[in-house]
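# Architecture and fold: a report
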Amino acid sequence: MGIVERLSGIKLGLPESVKLVAVSKTKSVEAIMEAYNGGQRIFGENRVQEIVDKQPKLPGDIEWHHIGHLQTNKVKYIAPFIDMIHAVDSEKLLIEIDRQAKKNDRQIPCLLQVHIAEEETKFGLSEQELEKIIFNLDQLNLKNTKISGLMGMATYTIDDSQVKKEFRNLKSIFDRIKKKNLCTLVDFKELSMGMSGDYTIAIEEGSTMVRIGSLIFGSRH
Ligand SMILES: *Cc1c(COP(=O)(O)O)cnc(C)c1O
């Protein structure tokens, strides 16, 4: 099976309301073009250097999403073109994204990353830190970023019940934040959760955006 067949297979199983981010990290421009010709338009990358290299070589109607941990000092390189930043995990990063977006006269949609996994290695905000950032938004008055929702990564485990529990927790945080801050968070509607190994569970638990790499492009190793 090729990229287009795998892509189609995945899309068939997705509810219409769920967006597919094809995670093309480490994959070639040719592989991305194959997916593009198969109709895919949203691509996700986690390394700034890689996304900056690939973006000019590919069609202009691609929506580029930055999906992994992002260093504050690298925001400037992607600010001119990035369409969404999935893993904003500090107020400092959010402020820098806003500053760079302003320089480029754009508005950049951002998702706040919440730490939901048991593993300590993964990035993300605690619920308390998340609430603090959201509470501060009015005061920060950021004009060039938009908080479009939340993102999270579940524990890497074969225990589906654990993964389910973590996604369910993220969805309940999402619902709670949304309800409490309706006026401030008018654009708050995306819940980015689910990867190759766990996206079906994520969808059951309310994901609106899945980030799938190896299932489309093949294993990275
Ligand atoms: C690599 C990556 C993915 C995709 O992983 P697959 O298991 O290949 O689907 C999704 N989200 C993030 C943040 C990633 O870094």
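Structure: above.
Heads up: these notes are all about the structure in this document. (Residues numbered from 1 in each chain as written. Predicted model: local features only at pLDDT ≥ 70, side-chain atom pairs only at ≥ 80, totals over all residues. Heavy atoms only, no water.)

## A word on the packing of aromatic side chains
Put simply, the test is: The rule is short: rings of Phe, Tyr and Trp, with Trp giving its six-membered ring, pair when the centres are within 6.5 Å, and they are stacked under 30 degrees, edge-to-face over 60, tilted in between. Where helices and strands are cited, they refer to DSSP runs of H or I of at least four residues and of E of at least two residues respectively, numbered from the N terminus. Whether a residue is buried, partly exposed or exposed follows from its accessible area with a 1.4 Å probe, protein chains only, as a fraction of its type maximum: under 20%, in between, or over 50%, in that order. Note on criteria: charge over ring means Lys NZ or Arg CZ within 6 Å of the ring centre, with the direction from the centre no more than 35 degrees off the ring normal.
In the structure shown here, the tally under the stated rule is two aromatic pairs. Ring plane angle 20° and centroid distance 5.0 Å describe the contact between Phe174 and Phe188, whose orientation is recorded as stacked. With Phe174 in helix H7 (residues 160–180) and Phe188 in the loop between H7 and strand S7 (190–192), this pair connects stretches of sequence that are 14 residues apart. Here Phe174 and Phe188 have matching classes, each one buried. Above the ring of Tyr36, the side-chain terminus of Arg41 is found at 3.6 Å from the ring centroid.

## Section: the packing of helix H1 (residues 3–12) against helix H2 (residues 29–37)
The following threshold applies: In this analysis an axis means a line fitted to C-alpha atoms, helices contributing only their contacting stretch, and an angle means the value between N-to-C directions, from 0 to 180 degrees. The cut-offs work like this: below 35 degrees is roughly parallel, past 145 is roughly antiparallel, 65 to 115 is roughly perpendicular, and the gaps in between are oblique. Left-handed describes a crossing whose near helix is turned anticlockwise from the far helix by less than a right angle; the clockwise case is right-handed. Whether two residues touch is decided by their heavy atoms; if any such pair falls within 4.5 Å, the residues are in contact. Residues are grouped as follows: Ala, Val, Leu, Ile, Met, Phe, Trp, Tyr, Cys and Pro are nonpolar; Asp, Glu, Lys and Arg are charged; all remaining types, including Gly, are polar.
Packing of H1 against H2 brings their axes to within 9 Å, and their N-to-C directions diverge by 50°. The angle between H1 and H2 falls in the class oblique. Here H1 and H2 pass one another in a crossing that is right-handed. Seen from H1, the contacting residues are Ile3, Val4 and Leu7; seen from H2, they are Ala31, Glu34 and Ala35. Across the contact of H1 with H2, the residue classes break down as five nonpolar, no polar and one charged.

## What about unusual backbone geometry?
With a phi angle near 55°, Asp105 is a residue other than glycine that sits in the positive phi range. Here Asp105 is to be found in the loop between helix H5 (91–103) and strand S5 (108–114). Residue Asp105 is classed as exposed on the basis of its relative accessible area, which comes to 72%. Not every positive phi belongs to a glycine, and Asn141 is a case in point at roughly 50°. Looking at where Asn141 falls in the secondary structure, it is placed in the loop between helix H6 (127–140) and strand S6 (145–152).

## Things to note about the site of the ligand
Defined as follows: To be near a molecule or strand, a residue needs just one of its heavy atoms within 4 Å of it. For the purposes of these results, a polar contact is taken to be a pair of N or O atoms within 3.5 Å, where, inside protein, one atom must be able to donate a hydrogen and its partner to accept one; residues adjacent in sequence count only when each atom of the pair is a side-chain atom. Per-residue and other accessible areas follow the Shrake-Rupley method at a 1.4 Å probe size, with only the shown protein chains counted as cover for residues.
Not every one of the 13 residues close to the ligand is listed here, only the nearest: Lys25, Ser196, Gly213, Ser214 and Arg220. A distance of 2.7 Å separates an oxygen atom of the ligand from a polar side-chain atom of Lys25. Contact between the ligand and Arg220: an oxygen atom at 2.7 Å from a side-chain N or O atom of the residue. Surface burial for the ligand is 91%, taken as the share of its 380 Å² of free accessible area covered by protein chains.

## What about the side chain of Glu50?
With respect to the helices, strands and loops of the structure, Glu50 is situated in helix H3 (residues 48–54). Judged by relative accessible area, Glu50 falls into the buried class, the value being 16%. Separated by 2.7 Å, the side chains of Glu50 and Lys54 make a polar contact. Leaving out residues up to four positions away in the same chain, Glu50 has contacts with Ser24, Lys25, Thr26, Lys27 and Glu45.

## Digging into the environment of Ser148
Residue position: Ser148 is located in strand S6. C-alpha separation for the pair Ser148 and Gly213, spaced 65 residues apart in sequence, amounts to 22 Å. Apart from residues no more than four positions distant in its own chain, Ser148 is found in contact with Met84, Pro109, Cys110, Leu111, Asp187, Phe188, Lys189 and Glu190.

## Concerning the side chain of Thr208
Tracing the backbone through its elements, the reader meets Thr208 in the loop between helix H8 (199–204) and strand S8 (209–212). With a relative accessible area of 18%, Thr208 lands in the buried category. Within polar-contact distance, the side chain of Thr208 engages the side chain of Glu190 at 2.6 Å. Contacts of Thr208, omitting those with residues within four sequence positions, involve Ser17, Val18, Lys19, Lys189, Glu190 and Leu191.

## Some remarks on the pairing of S8
Every other side chain in a regular strand lies on the same face of the sheet, so the side chains alternate between the two faces. We count it as follows: Between any two strands, pairing holds if DSSP finds at least two bridges.
Side chains Met209 and Arg211 of S8 all project onto a buried face; the interleaved residues Val210 and Ile212 project onto the opposite face, where all are buried too. The sheet contact formed by strand S1 (residues 19–23) and S8 spans four bridges and is parallel. Residue Lys19 lies in a different strand from S8, and its bridge partner there is Met209.

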